[in-house]
Amino acid sequence: MSQFKGQSRLPKFAVPKRYDVRLRPDLVACQFVGSVAIDLDIVSDTRFIVLNAAELSVNPPAVSFTQLDSSKVFKPSKVDGFEDDGILVMEFEETIPVGLGVLAIGFQGILNDKMKGFYRSTYEHNGEKKNMAVTQFEPVDAKRCFPCWDEPACKATFKITLEDVPSELVALSNMPVSQEIVNGHRKTVSYQETPIMSTYLVAIVVGLFDYIEDHTSDGVKVRVYCQVGKENRGKFALQVAVKTLELYKKYFGVPYPLPKLDMVAIPDFSAGAMENYGLVTYRETALLFDDQHSSASVKQNVTITVAHELAHQWFGNLVTMEWWTHLWLNEGFATWVSYLATESLFPEWKIWTQFLDESTEGLKLDGLEESHPIEVEINHAAEVDEIFDAISYTKGASVIRMLQNYLGAAPFERSLAAYVKKHAYSNAKTEDLWAALEEGSGEPVNKLMNSWTQQKGYPVVSVEVKDQKLKFDQTQFLSSGSQGEGEWIVPITLCCGSYDLRKSFLLKTKSETLDIKEFLGCSIAETESGSMCNKNNTVCSWIKINVDQAGFYRVKYDEKLAATLRNAIQNKHLSATDRFGILDDSYALSMARQLSFASLLTLLAAYKEELDYTVLSNLISISQKLARIAADAIPELLDLINQFFIGLLQYSAEKLGWQPKPGESHLDAMLRGEVLTTLALFGHDLTINEARRRFHAYIDDRNTPLLPPDIRKAAYVAVMQTVTQSNRAGYDSLLRVYRESDQSEEKNRILGSLASCPDPDIILEVLNFLLTSEVRNQDAIFGLAVCSKGRETAWTWLKDNWEKISKTWGSGFLITRFVSAIVSPLASFEKVEEVEEFFKAHPNPAITRTLKQSIERVQINAKWVQSVQGEKDLPKVLKELASRKY
Ligand code: BES
Ligand code: ZN
């Protein structure tokens, strides 16, 4: 039997066709009793049936296999569970011959508190604490609820029945109810059989809820379930869902396949949301929006999350990845489509510009040597959790965007619809998607895309102008500054002096030189101040490569071209996406020590009148990271650096002010919050004082117009800047607001502000607070945003509490956030050693990949700190920049 141990995939002697699952959850004792009857097709004679089960106690006498033809019953001689692999092996004395039969298993389990499998979530109703029972099966936890073939390619139909449920509770599953038998205070609820689907998409929710309802134009019933009395907060998501379903029906060319769609807010939820077929579950902050008390960023998050999960109903649920190696087909694609839907619903949000904020997360992770290809080898189910990362999501979405740009929107849409039709109710691999796109477009998609999905990393394309020639060179970009081996087929696009003059070509080799006159139809006058391109006697003053940042690569310009781009930014000739790209690429090059800190700061100065939300938001996050590096490298210049960054934000801060303007844009509302928060973090006195004044008004009256949701975070951060052990009134007030609020959004906002306090004793207090029962396990990660001064405290705290953290979060992906949030900001070689040593003594397989990546980041920071220390002209440059009037 031990031949089945340590296996990544189940042997396929038997193929499941239909599951009849009966469950009796006890919400008070937090356990459940169940039985499952699985219709099996035995495809080769076997003495073993091997399937998945974990943390279930199976009663061997309650296991049998009944042959369909002969009604012969086979009883196993042995039933063994291999907990580490989540495998259940049944051995039979007699060989089971090929043919159909039914495998029946009785079992018991606990409603755990780990937010996976069949678990309990808690809420209050009329002041009383209650449990609800919820499932979260992706990636591989259906096996914690009932024995099954828990692999995405093992599709079957599911007939679910819940027994002995208190009659006042709402009991939901993927399909509509087919029968409900009430017997006094208890009821038995059966659901219609599902279409053929994967186990990870099966779902059950049992609890007390209110709902609101609407329907699509073709009659799909859509409901949002919220805690009792709070159903108003579901209205916005309901509208988004109805519109999005209609949009996807057109886009994918196939209607939504189920009769109903329920969306439920769950108080304890490890991911953001989960696309269970017909029963999508969400964190409260990803579903609930309150007109009066929610921020614009929550509104946007709800829209994108709903659009993402509904995209999965086609891409993922109807057509499912064949194995986890192709997870990106699910996640990358849903991410890309969610932006398409959001653009269509709210064009004023400029969501494709905001997509770059997402895309850069992919570039950052994929700039590490410890990254992985999009199509990633998975050898064991336990490795799956860690690949729900920026490679699968944002690099995945970015390469789809790049391809769509290259092929054109119409052939892309047509091919996708063909792909969905062809693989509906079945599974697909990456190459199946390429085949459909190749057929629909006539382009060699497979060859082009393999270079992006089968190897890790991406190129940096260096561009040089010399002797009327443009020279392009690709090398793999690595933040460590090392040379990588990769080579790609790169779709290069460029604009010269105006967006009317666009050119493109495929860079298929390491380097290519183009004759400017032939290619662009113009000449370049190489002047002292930079290259000038003359077209019809009009002067084209800049060349921008990777127009609109549609390609997943970085660009390094020679000094002359870079100077012309700085001018173009200052003179407002470039689009927001291109301004973003130049900034982001320069930051990355600086981290990789291919561009000096001084040059980067000089570039930042060109953004002093920036008002675009996405560009400024990236400028803000870059300046925070630079300030952190500066704190280690050049502490004596830190004040000057802060002064410079404060100066850069003056223009936008003055334009936006504190009070929202009537009818102002969604983007301005989000931007104001970020600008003010950052000014507070940089210690800008005027901002901090005004924030405190408004905060006090809020403490006196929670409905004051002085502190609308979009600027609350700024006020909280500002308050925490002056808190110390001996002056803790602001902190105590914030904790009071935390405790009184019934809104996850507000609680998370407070958690996200507390550790910005510069006092290490307070930081320690905050970190310890995260481990108390006052913070839900799902939310603790939001409190890890410690300020630069708190990094050491946080690292010590992580070590001191690792046992507890491992125990509580150790078997899901949330634990990876503890490691990345606390380890990655460290910036010395000593720390690299300390971290390696500590985790050698305290291994945890759930963080293998994340730990390597975080350590690499510390190394990169440490090298960066050293190189900044070596920049002799930095004080001079900085003094000049900081003294400029902004
Ligand atoms: N399928 C995922 C949920 C998931 C994530 C399950 C990780 C198991 C492990 C879902 O579709 C998803 O991607 N949710 C995102 C939200 C989305 C808007 C990016 C999430 O949970 O962050
Ligand atoms: Zn997803």
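Residues numbered from 1 in each chain as written. Chains lettered and ligands numbered in written order. Predicted model: local features only at pLDDT ≥ 70, side-chain atom pairs only at ≥ 80, totals over all residues. Heavy atoms only, no water.

(A) Spatial organisation of the UniProt feature "active site" (unreviewed entry) in the chain. Here, UniProt's "active site" (unreviewed entry) annotation points to Glu309. Tracing the backbone through its elements, the reader meets Glu309 in helix 2 (residues 296–314). With relative accessibility at 5%, the residue Glu309 sits in the buried group. (UniProt positions renumbered as here; feature names shortened; annotations may be inferred. Helix = DSSP H or I, 4+ residues; strand = E, 2+ residues; numbered from the N terminus. Buried < 20%, exposed > 50% of the residue type's maximum accessible area, 1.4 Å probe, protein only.)

(B) Seen up close, the sheet that holds strand 24 (residues 469–476). The four strands are arranged 27-24-23-32 in an open sheet whose pairing can be described as mixed. The open sheet is flanked by strand 27 (511–515) and strand 32 (554–557), the only strands paired with a single partner. If you compare each strand with its neighbour and ignore which way they point, the axes differ by 20 degrees on average. Most of the contacts of helix 10 (residues 559–570) go to strand 32, to which it runs at about 105 degrees, and overall it touches strand 23 (459–466) and strand 32. (Pairing = 2+ DSSP bridges. Axes fitted to C-alpha atoms, helices over the stretch in contact; angles between N-to-C directions. Contact = heavy atoms within 4.5 Å.)

(C) How the structure looks around the site of ligand 1. In the vicinity of ligand 1 lie 16 residues, with Glu138, Gly272, Glu275, Glu309 and Tyr393 positioned nearest. A distance of 3.0 Å is found between an oxygen atom of ligand 1 and a side-chain nitrogen or oxygen belonging to His308. Glu309 places a polar side-chain atom, nitrogen or oxygen, 2.7 Å from an oxygen atom of ligand 1. In isolation ligand 1 exposes 510 Å². Once the protein is present, 85% of that is buried. A per-class count over the shell around ligand 1 returns seven nonpolar, five polar and four charged. (Near = heavy atom within 4 Å. Polar contact = N/O pair within 3.5 Å; in protein donor to acceptor, adjacent residues only side chain to side chain. Areas by Shrake-Rupley, 256 points an atom, 1.4 Å probe, with all protein chains shown as cover. Nonpolar A, V, L, I, M, F, W, Y, C, P; charged D, E, K, R; others polar.)

(D) Region of the structure containing the nonpolar core. Among the nonpolar cores identified, the biggest contains 326 residues, and Leu103, Trp149 and Phe472 are the most heavily contacted of them. Element by element, the count of residues in this core is highest for helix 13 (residues 613–633), at eleven residues. Apart from the residues lying within four places of it in its own chain, the contact partners of Phe472 are Val461, Ser462, Val463, Ile492, Leu494, Phe505, Leu507, Lys510, Ser511, Glu512, Leu514 and Ile545. (Core = buried A, V, L, I, M, F, W, Y, C linked by side-chain atoms within 4.5 Å.)

(E) A look at the state of the cysteines. Taken as a whole and assessed by the stated rule, the structure comprises zero disulfides. Cys30 forms no disulfide, and the closest cysteine sulfur to it belongs to Cys145, at a distance of 14 Å. (Disulfide = S-S within 2.5 Å.)

(F) Just the coordination of the zinc ion (ligand 2), in detail. The protein atoms donating to the zinc ion (ligand 2) are His308 (NE2), His312 (NE2) and Glu331 (OE), with metal-donor distances spanning 1.9 to 2.1 Å. The sequence pattern formed by the donor residues of the zinc ion (ligand 2) is H-x3-H-x18-E. In this pair, His312 sits in helix 2 while Glu331 sits in helix 3 (residues 327–345), placing the two residues 19 residues apart along the sequence. Each member of the pair, His312 as well as Glu331, is classed as buried. (Donors = N, O, S within 2.8 Å, 3.2 Å for Na, K, Ca; no water.)

(G) Molecular detail of the pairing of strand 16 (residues 210–215). Here strand 16 pairs with strand 17 (residues 221–226) via six bridges, running antiparallel. Within strand 17, the residue paired with Asp214 across the bridge is Val222. Between the antiparallel neighbours strand 16 and strand 17 lie five residues, among them Gly219 with a positive phi of about 90 degrees.

(H) Spatial organisation of helix 15 (residues 666–681). Compared with an ideal rise of 1.5 Å per residue, which puts 16 residues at 22 Å, helix 15 spans 23 Å between its outermost C-alpha atoms and is within 8% of the ideal. Within helix 15, 13 of the 16 residues are buried, which leaves it mostly tucked inside the rest of the structure. Residue Gly683 follows helix 15 closely and has a positive phi angle near 75 degrees. (Expected span 1.5 Å × (residues − 1).)

(I) How the structure looks around the pairing of strand 10 (residues 128–136). Here nine bridges tie strand 9 (residues 117–125) to strand 10, and the two strands are oriented antiparallel to one another. By the bridge assignment for strand 10, Phe118 is matched with Thr135. Counted between consecutive antiparallel strands, the loop separating strand 9 from strand 10 contains two residues, among which Asn126 sits at a positive phi close to 50 degrees. Bridging between strand 10 and strand 15 (residues 204–207) involves two bridges; their strand directions are antiparallel. Looking across to strand 15, one finds that Val134 is bridged to Val205.

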